[in-house]
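Geometric and topological summary
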Amino acid sequence: MSLDEIDGMDNLDNLSNIDDLSNEKDLVLRNTGNVTHISSNDLVEHVEIRPDLIAISCFEIIELSLARKLKVVPVKFENDIVTIAMANPSDLSAMDDLRYKLGNYDVIFVASEENMINAAISRWSRTVAQSAESEVIKEFKTEATESNKVEEMDEDSGKMSKLILKMLEQAVSLNASDVHIEPNENEVMVRFRVDGVLQPHTKYPLGVANGIVNFFKVQGDMEVADRRRPQDGRFGKIISGREVDFRIVTIPTAHGPEGIVIRLFDQSRARLNIDEVGFHKHIVDPFIKVLESPHGMILVTGPTGSGKTTTLYASLGLIATPDRKVLTIEDPVEIRFQGITQVQVNEEAQLTFSTALKSFLRADPDIMLVGEIRDSETANLAAQAALTGHLVLSTLHTNEAAGAATRLVNLGLEPFIITSALKGVLAQRLMRKLCRSCAEPFEASEEEIRSVKWPEDIEMPDMLWRANKNGCPTCDHSGYKGRLVVGELILISDAVAQSIIEMNSSIDIEKIAITEGMKTLHYDAIKWVAEGATSLEEVKRAGV
Ligand SMILES: [Zn+2]
């Protein structure tokens, strides 16, 4: 690699070096000039590290799990001297552990930003998983040429589960929401959806396709022999210390092996509190008040993949206290809660949102969560439950909060029933967050500001931020990392209720809510832009 190819390092002459580490210009480490005093004798230098330039051999010095636990990464290994970057330079016991573990070597500790350490650790885990994966693929290829019978390989075979577990481990470590396994004529493509964007992950030889499909069918308790009908199933596994639920759907293809989509549900999301979901205060504070209503209907709206379920579960976390009986009917049950009765929709067994709601009403719970209201029977039952002293949480497939009322009217509810039952509607979307390691500040032109309809009451900062076109290793070169939630909350005030009763359009209902202080999705999105969390391009892409 020539120096010109190392992005961001074109100004090498300005880089100072750490004398202790190397007399040459150091590409992996760059001194920031700060030090931390950890005792009267010891100083820890602060450095910036380049995760993409750390030699792979460093990753063999200690175990990945230990590195994760201690938030450290070996960044250099030369002449029996190991340099270890740590997020917390005053963690003396971590230093002792590492010195003991690396007894044969001299150890130098440097301090670095936690996000750089994390980026290095995720590169490390990718490297480990990829090499293990390619080992397994190599074995498969050898057997395929030897016997030409890989497609008949037993789905329980250790190798197959090793291959698939490695793949799932990687999906979990990248926080993928789903994994797509797509066989074509020549090979099996595997793609991961990360931060809402589908990206290629790896390819397997076609010979393993049926083995993979059968593995998932066995795990998910599905019919292995049935290849014509789409099937679904689920299983749970502890992966890298995280409890993950996998929901599988098989997709029959005209020719050859079936495709598979696996959705990942990280059970740790269940522990999220509503104020940790990431809404701005102007949304979450009044929403918590609404949730504290003793009865009534509360709806969360937005398209598929807008984070509605996370919000509902986090809401349950707040209100499902041990003294209240909670029943849920969900499709699917994404996160399992202790102390809550959760029912999974099962159309074949005639267990639908509406049949479950009917039997729930007989059990007289305090709180009911209905996965989605999509037919008039469910809408009626949910409203009836809300009007007879129960708190009902549900979702609707509408874009804006004000659209919920008109949607319920279209589902056959009388407007006065809606206004009596409904307490509030939260509409939400997810947008990508700018990568903090590589985002660029810029001065927006007046034209740009005009074109996005910047709200008057959001102060225009001196600089806005935009994604770096080339990205960096932290964000896998996408310029974005992680997601943020955008919301709008409509409360059913007297004026809003009047507008619903007059059967006004959702635009008119929204206008009234705005005069009463409601902040729109667009307002909230621009607020995130003003705070530097996301870009104007992303607001346009998300269409808010
Ligand atoms: Zn980046």
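By convention here, each chain's residues receive numbers from 1 onward along its written sequence. Per-residue local features are limited, in this predicted model, to residues with pLDDT of at least 70; the limit for side-chain atom pairs, both in listing and counting, is 80 or more; totals at the level of whole chains, interfaces and linings are taken over all residues. Computation of side-chain values: all heavy atoms of the structure, hydrogens and water removed.

Some remarks on the sheet that holds strand E10 (residues 242-251)
- DSSP bridges decide pairing: two strands pair if at least two such bridges lie between them. Helix numbers and strand numbers start at the N terminus; a helix is a DSSP run of H or I with at least 4 residues, a strand a run of E with at least 2. Sheet architecture is open: 6 strands sit in the order E8-E7-E6-E11-E10-E9, paired in antiparallel fashion. Looking at the sheet topology across the chains shown, the edges are occupied by strand E8 (197-205) and strand E9 (232-239). If you compare each strand with its neighbour and ignore which way they point, the axes differ by 20° on average.
- Sheet analysis places strand E6 (residues 178-183) next to strand E11 (residues 259-266), joined by 4 bridges and oriented antiparallel. Following the sheet pairing, Val179 is matched in E11 by Ile262.
- Taken strand by strand, helix H4 (residues 158-173) contacts E6, strand E7 (187-194), E8, E9, E10 and E11, and its axis lies near 75° from that of E9. Helix axes use the C-alpha atoms of the stretch in contact, all axes being lines fitted to C-alpha atoms, and the angles between their N-to-C directions lie in the range 0 to 180 degrees. Any two residues having at least one pair of non-hydrogen atoms within 4.5 Å are treated as being in contact.

Brief notes about the coordination of the zinc ion
- Protein-derived coordination of the zinc ion comes from Cys435 (SG), Cys438 (SG), Cys472 (SG) and Cys475 (SG), at a distance range of 2.3 to 2.4 Å.
- The rule for donors is simple: an N, O or S atom within 2.8 Å of the metal counts, and for Na, K and Ca the reach is 3.2 Å. Water is not among the atoms, so a site may look short of donors. For a four-donor site, all angles between 85 and 135 degrees give tetrahedral; for four or six donors, opposite pairs above 155 degrees with the remaining angles between 65 and 115 give square planar or octahedral; all remaining cases count as irregular. Coordination at the zinc ion is tetrahedral, judged from the 4 donor atoms that bind it and the angles of 108 to 115° they form at the metal.
- Of note, the zinc ion draws all its donor residues from one chain, in the sequence arrangement C-x2-C-x33-C-x2-C. With Cys435 in the loop between strand E17 (422-434) and strand E18 (440-442) and Cys475 in the loop between strand E19 (464-466) and strand E20 (480-491), the pair connects residues that are 40 residues apart, well separated along the chain.
- Working definition: with a 1.4 Å probe on protein chains only, accessible area under 20% of the residue-type maximum means buried, over 50% means exposed, and in between means partly exposed. With a relative accessible area of 6%, Cys475 lands in the buried category.

Observations concerning the packing of aromatic side chains
- Stacked, edge-to-face and tilted labels apply to pairs of Phe, Tyr and Trp rings (six-membered ring for Trp) whose centres lie within 6.5 Å, assigned for plane angles under 30 degrees, over 60, and everything in between, in that order. In this structure the tally under the stated criterion is 5 aromatic pairs.
- The interplanar angle of 40° and the centroid separation of 6.1 Å between the aromatic rings of Phe216 and Phe235 together place this pair among those described as tilted. On the criterion of sequence distance, the pair formed by Phe216 in helix H5 (residues 209-219) and Phe235 in strand E9 is long-range, its members being 19 residues apart.
- Among the residues examined, Phe235 registers a relative accessible area of 7% and is labelled buried.
- Consider the rings of Phe235 and Phe246, whose centres lie 5.1 Å apart with planes at 25°: the pair is stacked. With Phe235 in strand E9 and Phe246 in strand E10, the pair connects residues that are 11 residues apart, well separated along the chain. Residue Phe235 shares its accessibility class with Phe246, and that shared class is buried.
- The structure contains a cluster of three or more aromatic residues connected by ring pairs, namely Phe215, Phe216, Phe235 and Phe246.

Remarks on the sheet that holds strand E3 (residues 72-78)
- Reading across the sheet, the 5 strands line up as E1-E2-E5-E4-E3 and stay open at both edges, with mixed pairing between neighbours. Strands at the two margins of the open sheet, each flanked by one partner only, are strand E1 (29-37) and E3. The sheet shows a mean angle of 35° between the axes of neighbouring strands, direction not considered.
- Bridge count for strand E4 (residues 81-86) against strand E5 (residues 106-111) is 6 bridges, and the pairing is parallel. If you follow Ile81 over to E5, its bridge partner there is Asp106.

What to know about the pattern of salt bridges
- Any carboxyl oxygen of Asp or Glu within 4 Å of a side-chain nitrogen of Lys or Arg constitutes a salt bridge here. Applying the stated criterion across every chain yields a total of 24 salt bridges.
- Ionic pairing is found between Arg99 and Asp96, a salt bridge with its closest N-O pair at 3.7 Å. A residue pair is termed a helical-turn pair when its members lie 3 or 4 positions apart in one helix, as Arg99 and Asp96 do in helix H2 (residues 92-101) at 3 residues.
- Arg99 gets classed as partly exposed once you look at its relative accessible area, which sits at 39%.
- Residue class for Asp96 comes out partly exposed when judged on its relative accessible area of 47%.

Brief notes about the nonpolar core
- Buried residues of nine kinds, namely Ala, Val, Leu, Ile, Met, Phe, Trp, Tyr and Cys, make up a nonpolar core once their side-chain atoms join them within 4.5 Å. The biggest cluster of nonpolar side chains holds 60 residues, and the ones touching the most others in it are Met297, Leu299, Ile329, Ile373, Leu408, Trp454 and Ile490.
- Not counting the four nearest positions on each side in its chain, Met297 is found in contact with Ile373, Ala382, Ala383, Ala386, Val392, Ala421, Leu422, Lys423 and Gly424.
- Ranked by size, the runner-up nonpolar core spans 35 residues in total, among them Leu29, Val44, Val47 and Leu98.

Considering the packing of H4 against H5
- Contact pair H4 / H5: the axes reach a minimum separation of 10 Å and the direction vectors enclose 80°. Between H4 and H5, the angle falls in the class roughly perpendicular. Counted together, Met160, Ser161, Leu163, Ile164, Met167 and Leu168 of H4 and Gly211, Ile212, Phe215 and Phe216 of H5 form the full contact between these two elements.
- Here the residues of the contact of H4 with H5 sort into 8 nonpolar, 2 polar and no charged. When an angle is under 35 degrees it counts as roughly parallel; over 145 it counts as roughly antiparallel; between 65 and 115 it counts as roughly perpendicular; any other value is oblique. Residue type decides the class: Asp, Glu, Lys and Arg count as charged, Ala, Val, Leu, Ile, Met, Phe, Trp, Tyr, Cys and Pro as nonpolar, and the leftover types, Gly among them, as polar.

What about helix H7 (residues 308-319)?
- A helix is expected to reach a length of 1.5 Å times the quantity of its residues less one. Its 12 residues place the ends of H7 17 Å apart at the C-alpha level, agreeing with the 16 Å of an ideal helix rising 1.5 Å per residue.
- Within H7, 9 of the 12 residues are buried, leaving the element largely enclosed by the surrounding structure.
- Among the residues of H7, Lys308, Thr310, Thr311, Leu312, Tyr313, Ala314, Ser315, Leu316 and Ile319 are the ones counted as buried.

Some thoughts on unusual backbone geometry
- The omega torsion across Asp331 and Pro332 is 0°, close enough to zero to call that bond cis.
- Mapped onto the secondary structure, Pro332 falls in the loop between strand E13 (326-330) and strand E14 (341-344).
- The phi dihedral of Asp80 falls on the positive side, at around 60°, and the residue is not glycine.
- Within the fold, Asp80 resides in the loop between E3 and E4.
- Positive phi, normally seen in glycine, also occurs at Lys453, with a value near 55°.
- Relative to the helices and strands, Lys453 is located in the loop between helix H12 (446-451) and E19.

Describing the side chain of Thr301
- Following the sequence through the fold, Thr301 ends up in strand E12 (residues 296-301).
- Those residues within four positions of Thr301 in sequence are excluded, and the remaining contacts are Lys308, Leu396, Thr398, Asn399, Glu400, Ala401, Ala404, Val425, Leu426, Ala427 and Gln428.

Overview of the packing of helix H6 (residues 281-291) against H7
- It is the contact of H6 with H7, at a shortest axis distance of 11 Å, that shows an interaxial angle of 60°. Here H7 runs oblique to H6, going by the angle between their axes. For the element pair H6 and H7, the recorded crossing hand is right-handed. Two secondary-structure elements touch here, H6 through Phe287, Ile288 and Leu291 and H7 through Thr311, Ser315, Leu318 and Ile319. By definition, any crossing whose near helix is turned counterclockwise from its far helix by less than a right angle is left-handed, and any crossing with a clockwise turn is right-handed.

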